Structure formats: structure tokens, C-alpha cells
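Chains, contacts and geometry: an overview
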Amino acid sequence: MAAENVIEMLHITKRFPGIIANDDITLQLRQGEIHALLGENGAGKSTLMSVLFGLYQPEAGVIKKNGQEVKINNPNDATALGIGMVHQHFKLIDVFTVLDNIILGAETTKAGFLQKREARAKVEALSERYGLKVDLDAKVEDITVGMQQRVEILKMLYRDNEILIFDEPTAVLTPQEIDELMATMKEFAKEGKSILFISHKLNEIMEVSDRVTVLRKGKYIGTVDTKDTDKQSLSDMMVGRSVQLEVQKGPAKPGEAVLSLRGFCVPSRAHKRNAVNLVSFDVRAGEILCIAGIDGNGQTELVHGLTGLEKSSGGTVTLCGEDISHASIRHRGGNMSYIPEDRHKHGLVLDFTLEQNMVLQRFKEKQFQTKGFVNKGAVREYAQRLIEQYDVRSGQGPVTVARSMSGGNQQKAIIARELDREKPLVVAVQPTRGLDVGAIEYIHSRLVAERDKGRAVLLVSLELDEVMNLSDRILVMYEGEIVGEFDPKQTDVQELGLYMAGAKRMEKGGHSA
Amino acid sequence: MKEKWSALMQKDGAKTVVASLLSILIGLLVGCVIVLVVGLTNPGMGAAAAWDGIRLVLGGILSTGRDAVGNLTFGFNPTNVGNMLFRATPLILTGLSVAVAFKTGLFNIGAPGQYLMGTAATLVVALSIPSTVVPAPVVWLLAFLSGILAGAAWGAIPGLVKALLNINEVLACIMTNWIAANLVTWIFDGSNWRNLEENGKTGYIYKTAHNGVETAKWGLDTIFPSSQVNWGIIIAAVMAVAVYILITKTTLGYELVSCGSNRHAARYAGINDRRNIVLSMAIAGGLAGAAASLYFLSGNTEFAWSTYQFLPPVGFNGIPVALLAASNPIAIIFTGCFMSMLNIAGQQLTNLTGYNEYITDVIIAAIVYLSAFSLVIKMMLDGQKKHKTSVPAAADSAPVPGGKAEKGGEDA
């Protein structure tokens with residue numbers, strides 16, 4: 001049995017100041033298998049892979065290749081052993097061509113001169129063989145994210161790597177691209193390459209992997225055969241308790257339109273066209289309307305235009321019957337809660353304490369100030385109430401500095417602050433990004449509760465699972481325009497994907513609401 | 001006891017104080033080494049002179065001269081202490097000026113320019129309203145207020161430029177410094193305020209005492225005889241307390257600091273970030289202007305009006321004063337006094353030993369420079385703590401060693 005293990009990581013322990021990131025973890029990768037590595041944020045997946053790739057040195061444990069103990073001191077050692085990695089954030093040089101990026105660091109040279117023709121032939125052959133279509137002469141900055149990922153994969157193949165690590169490869173892809181990637185991975189495995197696939201998306205793991213190793217809080221939980229398990233038991237292993245994967249919600253009872261956009265335009269900072277172009281829709285009381293789309297199709301600008309962070313260049317915004325197209329941010333905040341996309345940039349003042357963050361919009365209200373002096377007692381009492389009500393966990397309660405809190409609790413703090421303001425419209429952008437399953441479960445149930453209180457919820461999300469699960473109505477945004485409206489019960493991820501990628505669009509489709 | 005100590009050391013404030021004290025200590029030690037090296041390598045000085053020098057660097061404030069045999073004597077020297085307090089007055093205020101800006105996320109390197117504009121406004125008002133017509137205390141008050149206003153207006157310019165055009169305030173501050181230097185020279189060049197009475201003093205403006213305007217001493221002259229100290233130091237201390245209250249207790253301070261810590265989050269919360277940038281630069285400028293007012297309203301100080309090639313060092317010295325105090329307004333009262341104490345020590349060194357004023361300046365500069373390292377030392381103290389105890393939220397930051405923990409959210 002041991003012989004077929006191509007890579008063995010035995011009893012790996014890696015500490016960082018104040019924490020054990022990997023505590024006695026064992027991972028065995030067989031020849032020709034797709035092995036998924038599953039765990040929540042902070043479970044130690046990336047650390048373990050960084051150890052394998054030579055970026056960190058473990059304090060204890062050994063790595064074996066084909067039964068032989070090896071020492072991997074840096075990524076060059078890893079490459080020499082045939083280990084390649086596609087990082088979550090691509091390591092490409094934007095202004096170089098695709099070909100230059102692929103051969104970078106492994107150039108064929110003759111007397112100090114590049115032999116690009118040979119390299120090109122080899123890359124073309126690889127691209128042909130695996131159906132990895134790329135334009136070798138395009139600059140990386142001009143190609144799509146999906147193609148950039150294919151460039152990364154070709155980089156590994158060009159170096160004749162036999163062990164391929166994919167770190168969260170699907171986060172940036174459309175459903176169609178994900179399907180293609182899965183097929184490519186299976187193709188690799190069939191040829192005898194071994195694949196380590198890091199993910200926290202259970203669907204993908206179930207679909208593509210042969211075995212799954214689960215980590216939790218730096219500890220090894222177990223390795224199971226995919227065919228003997230299911231999503232529920234995997235997620236229980238990952239979280240350590242039973243989790244509700246599906247959002248529990250009754251049917252929506254939509255009422256009057258709370259927010260109406262008509263011909264709304266927001267200029268782009270990057271180019272001359274409008275980032276949001278002539279968008280019209282309504283969000284009604286008691287429904288969750290979801291804007292789906294691939295990152296960078298105008299969702300951020302739409303929300304910034306809506307909240308007043310960015311000036312709109314046309315159209316009208318009506319909130320609770322009042323035209324707020326040109327109102328100030330503070331004025332709009334009077335009827336709108338906003339859970340921002342970037343919680344560190346827009347959500348929190350990280351150097352402030354939790355209680356100071358809790359009153360970021362409200363410190364001027366009568367209850368929190370007396371003649372220009374902050375009413376500390378009232379602020380603390382209020383923060384204390386929110387902390388209890390929303391289960392925000394922190395080291396020192398109201399006086400904890402926000403920076404020292406975990407991402408999930410920072411997000412809970414923002415949600416507590418925003419929802420407690422009890423405004424008729426809740427705008428939530430990527431509210432669960434980077435959070436673990438437990439926190440996601442909580443946030444989803446809160447948003448549903450808001451809906452059931454009769455508030456209008458506008459959700460912007462890049463996660464199709466979230467879109468399908470949570471929304472009562474879906475709008476797909478592509479290149480700044482709404483290209484389709486769907487009922488989540490009557491559509492599927494595949495159909496949404498076609499619209500998200502711009503392959504299909506509804507003409508003046510049903511957003512009359 | 002040990003437990004109590006380590007519990008105290010966990011507190012951020014305690015660490016800041018320890019870091020500042022350590023950096024002062026290091027600065028003084030390096031100063032002593034320079035004294036030693038200069039003393040030993042200089043013919044005609046030697047070890048005894050170097051020892052005298054070291055004693056004066058460390059205890060110059062308590063120096064009472066030399067006795068009959070020529071040995072240095074030490075004891076309480078009220079004149080020195082009084083002068084220390086007098087010279088600390090503008091340092092405290094420029095320190096506050098820099099600190100207010102720091103607290104609100106801005107770097108006010110424009111304090112010298114604001115100080116010059118404050119000087120000009122103060123002197124023009126104090127000298128042009130005859131105290132025979134308007135009572136001198138009223139003239140004093142008007143002069144003080146116009147100094148503050150001029151500084152505030154000058155500080156608001158880089159603030160406006162940053163808020164409206166998003167131009168870095170450091171650049172704008174440096175530009176406005178030199179504009180102020182030339183503008184002030186132009187104001188006084190050929191004016192009637194140049195001191196023509198005292199021979200050979202045409203480079204200076206009349207002291208405000210010429211018009212009978214000077215800051216009251218009210219008893220301080222009996223405590224610290226033959227020193228220049230006046231109630232300016234009390235006013236500076238009161239202003240420090242006022243700034244402390246503004247920053248920590250008021251909604252305005254909350255608003256200013258939130259803009260400084262995270263302009264984006266503040267803006268999104270409906271706070272007018274542009275207004276606050278201008279406002280905090282104006283407050284900073286006003287404090288630098290007040291520094292100038294209190295210094296020149298003493299009645300004994302002269303202003304060399306030909307400033308076009310020269311920026312007042314007291315403006316820049318506000319930066320180490322603020323750094324050493326970690327921008328805490330109350331601590332600035334003490335760090336301001338410390339800086340002026342070094343000044344007095346340097347003066348004693350020049351007067352009582354063979355060290356000339358230039359080498360004295362080098363030593364003082366070394367101490368000031370190293371004192372500003374308190375931030376580095378604090379970071380080292382922080383690092384030490386992280387090794388010892390575990391951080392509750394560390395699970396999220398595990399894969400990212402070093403200071404980038406907060407970005408670790410998306411790493412698995």
C-alpha cells in the first residue's frame with residue numbers, strides 16, 4: 001500500500017507565535033487521485049500546503065516522496081520534486097504575455113539567449129492536449145480570470161509537475177468554467193498525475209474528489225473516501241457540530257416597493273463607459289432580491305451609487321417614496337442599513353473599540369451625547385446589548401479593539417449595528433465572504449428574519465449557492481446591466497451561469513416588478 | 001508584585017510610557033557617548049572634562065555653576081527650571097499641533113509655517129494697537145487670538161488642498177512653510193515695527209513690551225526668580241487638557257479620530273470626511289499659532305524678521321515632542337518640558353565646559369532623534385507580548401506570520 005503514496009506528509013506540526021497552525025497533521029496523497037483538503041478559514045489548509053511547497057518549515061514531521069524522505073526548503077525544491085501549485089491569488093506578471101509568464105523561471109536558453117520557439121511549441125502542444133485554450137501572445141492584464149487560471153495550470157504542466165496543488169481554484173470562476181476545470185482535473189488524474197484540491201465548497205468536493213482529508217482548527221480530523229460520505233457529514237466534520245446547510249425560510253410575502261431604481265447610471269473609475277448602465281429595478285418590502293454576477297460587473301459601483309459613496313450620473317433612486325438620487329450619505333442612511341463588501345475598509349474603524357464602532361452612525365443621536373460630549377455610559381450599555389443579542393464574541397467585550405477580533409465576529413458586529421438601526425431597506429454586499437460555515441448559517445438566518453419582519457433586503461453576492469439558497473428573486477448583472485430576472489425555484493446554477501458570462505440575455509426582461 | 005507588574009505591562013498605555021522612557025534613556029546614553037568621545041579625542045579636554053560634560057548632559061537642569069575650586073555644583077536652580085518651563089511653552093503647543101494631526105491621520109509638518117504666521121499676526125496686533133488707547137490686557141488677548149486665527153487659517157490651506165484635490169498634506173505643508181517664511185519677511189521688511197531704538201538691532205522686531213503688552217507672571221517670578229517664565233506655561237497646559245478632552249470625550253473628537261483612523265468607514269457612516277480634514281488641520285494650525293503667540297507675547301523675546309531662508313526649529317521640534325508622547329496630549333506637557341530641559345542642559349554645557357554650542361547641538365539632536373524611536377521600541381514590546389501569550393482571535397490569522405493578520409480572512 002505504501003508504495004502507491006506519491007506524497008506523504010507525516011505528523012506535520014507548524015507553529016506561529018501564539019498559535020499552532022498545524023498540529024500533528026498527516027496527509028497521504030496517492031498516485032492518480034484527486035485528494036480534497038477541506039476545512040474552514042483558519043483550519044490550517046493553506047499553511048499545510050505552504051509547508052509542502054517549501055514556503056514554511058515545519059517544527060516537526062517529515063515529508064516523503066515515493067517513500068523517500070525529502071527536505072523541501074523553498075519552492076525551487078518543490079518544483080524539482082515535481083510539485084506545482086496554483087495559488088488562490090495568481091502569481092502572474094500582468095504586463096508580460098501569456099507565453100512569457102509560462103516560461104518565466106524555467107526558460108530554455110542557448111548561450112544566454114531565450115529559445116522561445118521551442119518553448120512555444122511545447123506550450124502549444126500542452127494546451128492542445130488538455131484543451132486549455134489560451135492566447136499565448138496576449139498580455140495577462142487583458143485576459144479573463146478563467147484564462148489566467150489556465151495559464152497557471154499550463155505553468156505547472158510546462159514544468160512537468162506530477163503533483164498539482166489547487167488552492168481554492170473555483171472562487172473566481174463562473175459555473176461553466178468550474179465545470180471545465182473539474183473535467184481538466186479528472187483528465188490529469190486519469191493520466192496518473194496526483195492532485196491536491198483545497199476547498200470549502202462541498203458540492204465541488206463531492207463531484208471531483210476521490211478522498212477527502214478534513215482539518216479543523218489546525219488539527220487532523222480524518223480522511224474519508226468520497227463515495228462513502230455525503231455533504232452533511234463532511235460539513236459536520238469540518239465544523240465539529242451539526243450544521244444547517246439549507247436556509248430555512250418560508251415563502252416571501254412581498255409588499256410595496258421600498259427601493260426603486262430607474263435608468264440608474266454610475267460612472268466607472270477605470271474606463272470611460274458607465275460601470276452601471278441604465279439599471280432599473282424595485283426591491284419590495286418582505287423580499288430578498290439578489291444581484292448575481294461575476295465580480296467586476298458593476299455590482300460594487302451599483303451599491304456605491306445607491307449608498308451615496310459614489311455619485312450617480314443618471315437616473316433616479318427612490319427610497320421609501322422619497323427621491324434620494326442626490327441625497328447625502330447620512331441622509332440616505334436614515335432609511336437604509338448597509339452591510340458593506342469590504343468590512344475592513346468601509347465597515348469598521350479597526351483601531352476603534354467595539355463600542356465605538358457600534359455607534360459609528362449614531363453617535364450624534366440624543367441618547368449617545370450630551371452637548372457635544374460622548375455619553376460613554378449609554379454607548380457602553382448599547383454596545384453590551386448588541387453584543388449579547390447578536391452573540392458577538394470578543395476578548396474584552398465592548399472595549400475590545402476591533403482589529404483583534406476574528407473576521408466572523410467583526411462581521412457579526414457590523415450586522416448587529418446595521419440591523420439594529422431597523423431601517424426599511426437592508427443592503428448586504430457579500431455578507432458571508434471569507435466566513436466559516438457556522439457564521440454563514442447565522443448571517444443567513446438573520447437576513448431571512450429581517451425579510452420576515454417586512455424589510456426589503458437587497459443582497460449582492462458572488463456565491464451562487466448563496467444566491468440560490470437565500471433569494472426570493474434574482475437579477476443577473478453583466479457588464480453594468482441587468483441581463484435577466486429569475487425565480488430561484490425555476491432556474492438552476494447552469495442557467496444563471498450563462499447569463500453571468502454574457503452568453504445569454506433577456507430582452508427588456510421582466511423587471512417591471 | 002511580579003504579577004501586578006506583568007498585568008500592568010499588558011496595558012497599551014503602560015507600554016507606551018515604558019517605550020518612551022526607554023528611548024529617552026537610550027538617547028541620553030548615546031549623548032553621553034558622544035560627549036565622552038569628543039572629550040577624549042579633543043586636545044585640551046580629557047577625561048575630567050568629559051566627566052563634567054556627562055554630568056551636565058544628565059543633570060544640567062540642576063546645575064548651579066562651579067564652586068571656588070572649579071568643581072561643578074548641583075542643586076535646585078529656580079532660574080533654570082523657570083527657563084525650562086518658559087521654553088517648554090511653545091514646544092508643548094507645537095507638539096499638540098502635530099499630535100492632533102496625527103490622531104486624525106494627518107502629518108502636520110507645516111507647524112513652522114503656522115508658527116510664523118501666528119508670530120506675524122501676534123506681533124502686528126500687539127504692536128499696532130497702542131496700549132495707551134486700549135488697555136494692555138485687551139491688546140494681549142486680541143494679539144493672542146489673532147495668532148491662533150492666523151495659524152489656523154494657514155493650517156487650513158493644506159487641509160483644503162487635501163480634502164478637495166486629494167493632494168498629500170505633507171507636500172502642501174512644506175510648500176506653505178516656505179510661502180509663510182517669505183510672506184512674513186515681506187510683511188516686516190520696511191515696516192515701522194523694526195526695532196530701531198536699540199543700536200544694531202534692525203534685524204529684529206520690537207519686543208511686545210515696547211507697547212506695554214506682556215504675559216502676566218503672577219507669582220511665577222517669585223518662585224522662579226530671574227527666569228523668563230510666565231503664565232504662558234499654564235495656558236499651554238490648560239490647552240493640552242482641552243485638546244485631551246476634545247479628542248477623547250466629545251463627539252467632534254470621535255468624528256475627527258474616526259476620519260483619521262479610517263476615512264472610508266467614516267464617510268460611509270455619513271461623517272463628512274472633507275470637513276473634518278480641514279477642521280483638524282485648522283485646529284493643528286491654531287495650536288502652532290498659539291505657540292508663537294505665547295512665545296512672543298512674553299515681552300522679552302525678539303523676532304528676527306528676516307525669515308525667508310529659515311524656518312523656526314520649534315515648529316519641527318513639535319514632531320519629536322508628539323512622537324515621544326505617543327500623541328497623548330497630557331503626556332505632551334511632560335515631553336515638551338523634557339525637550340526644553342535638554343535645551344537648558346545644552347546651554348549649561350556651553351557655558352560651563354569646553355564643549356562649544358555646535359557640539360552641544362549635535363548631542364541634543366542625537367538625543368531628540370533617538371527619543372523619537374519610542375514607536376520602534378513599542379513595537380518591540382508588542383512583539384514580545386505576542387510570543388508570550390496567545391491571541392484569542394489568532395485562528396483567523398494563523399497562516400500569515402507577521403503584522404498582516406487582519407488580511408488573513410480569505411486564506412484557508
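Look up: the structure comes first, before these words.
What this report covers is the structure whose coordinates are included nearby. Since we're looking at a predicted model, the values are computed, not measured. (Residues numbered from 1 in each chain as written. Chains lettered and ligands numbered in written order. Predicted model: local features only at pLDDT ≥ 70, side-chain atom pairs only at ≥ 80, totals over all residues. Heavy atoms only, no water.)

Below, the discussion takes up the overall build of chain B. Along the backbone of chain B there are 16 helices and 4 strands. Burial analysis of chain B (412 residues in total) assigns 52% to the buried set. Of the contacts made within chain B by residues no fewer than 6 positions apart, 72% connect residues no fewer than 24 positions apart. Summing over all exposed atoms, chain B offers an accessible surface of approximately 18,300 Å²; the carbon and sulfur share of this is 66%. (Helix = DSSP H or I, 4+ residues; strand = E, 2+ residues; numbered from the N terminus. Buried < 20%, exposed > 50% of the residue type's maximum accessible area, 1.4 Å probe, protein only. Contact = heavy atoms within 4.5 Å. Areas by Shrake-Rupley, 256 points an atom, 1.4 Å probe, with all protein chains shown as cover.)

Across its full length, chain A carries 17 helices and 24 strands. Principal-axis analysis of the C-alpha atoms gives chain A an extent of 75 × 50 × 45 Å. Taken over 513 residues, chain A has a buried fraction of 55%. Restricting the contact set of chain A to residue pairs at least 6 apart, pairs at least 24 apart contribute 66%. Here chain A has roughly 21,900 Å² of accessible surface; of this, 48% comes from carbon and sulfur atoms.

Before going further, it helps to spend a moment on the sheet that holds strand β16 (residues 314–319) of chain A. All names here are of chain A. One open sheet accounts for 4 strands, arranged β14-β13-β16-β17; its pairing is antiparallel. Edge strands, defined here as strands with exactly one partner in the open sheet, are β14 (274–284) and β17 (322–323). Sheet topology note: the strand β13 (residues 257–267)/β16 ladder contains 5 bridges and is antiparallel. Bridge pairing links Leu261 to Val317 in β16. Sitting on the sheet, helix α9 (residues 299–307) is in contact with β13, β14 and β16, with an inclination near 115° to β13. (Pairing = 2+ DSSP bridges. Axes fitted to C-alpha atoms, helices over the stretch in contact; angles between N-to-C directions.)

Residue and element names in this part refer to chain B. As enumerated under the stated definition, the model contains 15 aromatic pairs over all chains in all. Ring geometry for Phe86 against Tyr295: centres 5.5 Å apart, planes inclined by 25°, an arrangement best described as stacked. With Phe86 in helix α4 (residues 78–103) and Tyr295 in helix α12 (residues 273–296), this residue pair connects regions lying 209 residues apart in the sequence. You can call Phe86 buried: its relative accessible area is 2%. (Phe/Tyr/Trp six-rings, centres within 6.5 Å; stacked < 30°, edge-to-face > 60°.)

Moving on, we come to the sheet that holds strand β21 (residues 425–429) of chain A. Residue and element names in this part refer to chain A. Taken in spatial order, the 6 strands of this open sheet run β18-β21-β22-β15-β23-β24, and their pairing is mixed. Edge positions in the open sheet fall to β18 (336–339) and β24 (481–486), since each of these has one partner strand only. Averaged over all adjacent pairs, the angle separating strand axes in this sheet is 20°, with direction ignored. Of the pairings in the sheet, the one linking strand β15 (residues 288–292) to strand β22 (residues 456–461) comprises 5 bridges and is parallel in character.

What follows concerns the packing of helix α5 (residues 111–128) of chain B against helix α7 (residues 169–188) of chain B. Residues and elements named next belong to chain B. Between α5 and α7, the shortest axis-to-axis distance is 7 Å and the interhelical angle comes to 20°. On the basis of their axis angle, the class for α5 and α7 is roughly parallel. As α5 packs across α7, the resulting crossing turns out to be left-handed. Only Asn177, Ala180, Ala181, Leu183, Val184, Ile187 and Phe188 of α7 make contact with α5, whose side of the interface consists of Ala111, Pro112, Gly113, Leu116, Met117, Ala120, Leu123 and Val124. Across the contact of α5 with α7, the residue classes tally to 13 nonpolar, 2 polar and no charged. (Parallel < 35°, antiparallel > 145°, perpendicular 65-115°, else oblique. Left-handed = near helix turned anticlockwise from the far one by under 90°. Nonpolar A, V, L, I, M, F, W, Y, C, P; charged D, E, K, R; others polar.)

The next point concerns helix α13 (residues 376–390) of chain A. Along an α-helix, residues three or four apart share an orientation, since each turn contains 3.6 residues. All names here are of chain A. The terminal C-alpha atoms of α13 lie 21 Å apart, and with 15 residues this matches the ideal 21 Å at 1.5 Å per residue to within 8%. Contact partners of the buried residues in α13: α12 (354–358), β20 (373–374), α14 (407–420) and α15 (437–452). Phi for Asp391, located one or two positions after α13, is positive at around 55°. (Expected span 1.5 Å × (residues − 1).)

Our focus in this paragraph is the pairing of strand β1 (residues 63–66) of chain B. Two faces make up the sheet, and in a regular strand the side chains alternate between them. Residue and element names in this part refer to chain B. In terms of strand pairing, β1 meets strand β2 (residues 72–74) through 2 bridges, oriented antiparallel. Each residue of the ladder has a partner; that of Ser63, found in β2, is Phe74. In sequence, β1 turns back onto β2 through a hairpin of 5 residues, with Gly70 there showing a positive phi of about 100°.

So, about the pattern of salt bridges. Under the definition given, this model contains 38 salt bridges over all chains. Its salt-bridge partner being Glu169(B), residue Lys162(B) comes within 3.0 Å of it at the nearest N-O pair. Note on Glu169(B): relative accessible area 5%, which makes it buried. The structure contains a network of salt bridges with shared partners spanning Lys249(A), Arg451(A), Asp452(A) and Asp472(A). (Salt bridge = Lys/Arg side-chain N within 4 Å of Asp/Glu carboxyl O.)

So, on to the environment of Ile198(A). Residue and element names in this part refer to chain A. Tracing the backbone shows Ile198 in strand β10 (residues 194–199). With relative accessibility at 0%, the residue Ile198 sits in the buried group. It is 7.7 Å that separates the C-alpha atoms of Ile198 and Ile165, two residues lying 33 residues apart in sequence. Those residues in contact with Ile198, other than ones at most four positions away along the chain, are Leu37, Lys45, Met49, Ile165, Phe166, Asp167, Glu168 and Pro169.

This paragraph deals with unusual backbone geometry. Glycine aside, negative phi is the norm for most residues, and most peptide bonds take the trans geometry. Residues and elements named next belong to chain A. Residue Lys217 is not a glycine yet carries a positive backbone phi of 50°. With respect to the element layout, Lys217 can be found in the loop between β11 (211–216) and β12 (219–225). A residue is classified by how much of its surface remains accessible, and Lys217, at 68% relative accessible area, is exposed.

Geometric values such as these leave the question of function open.
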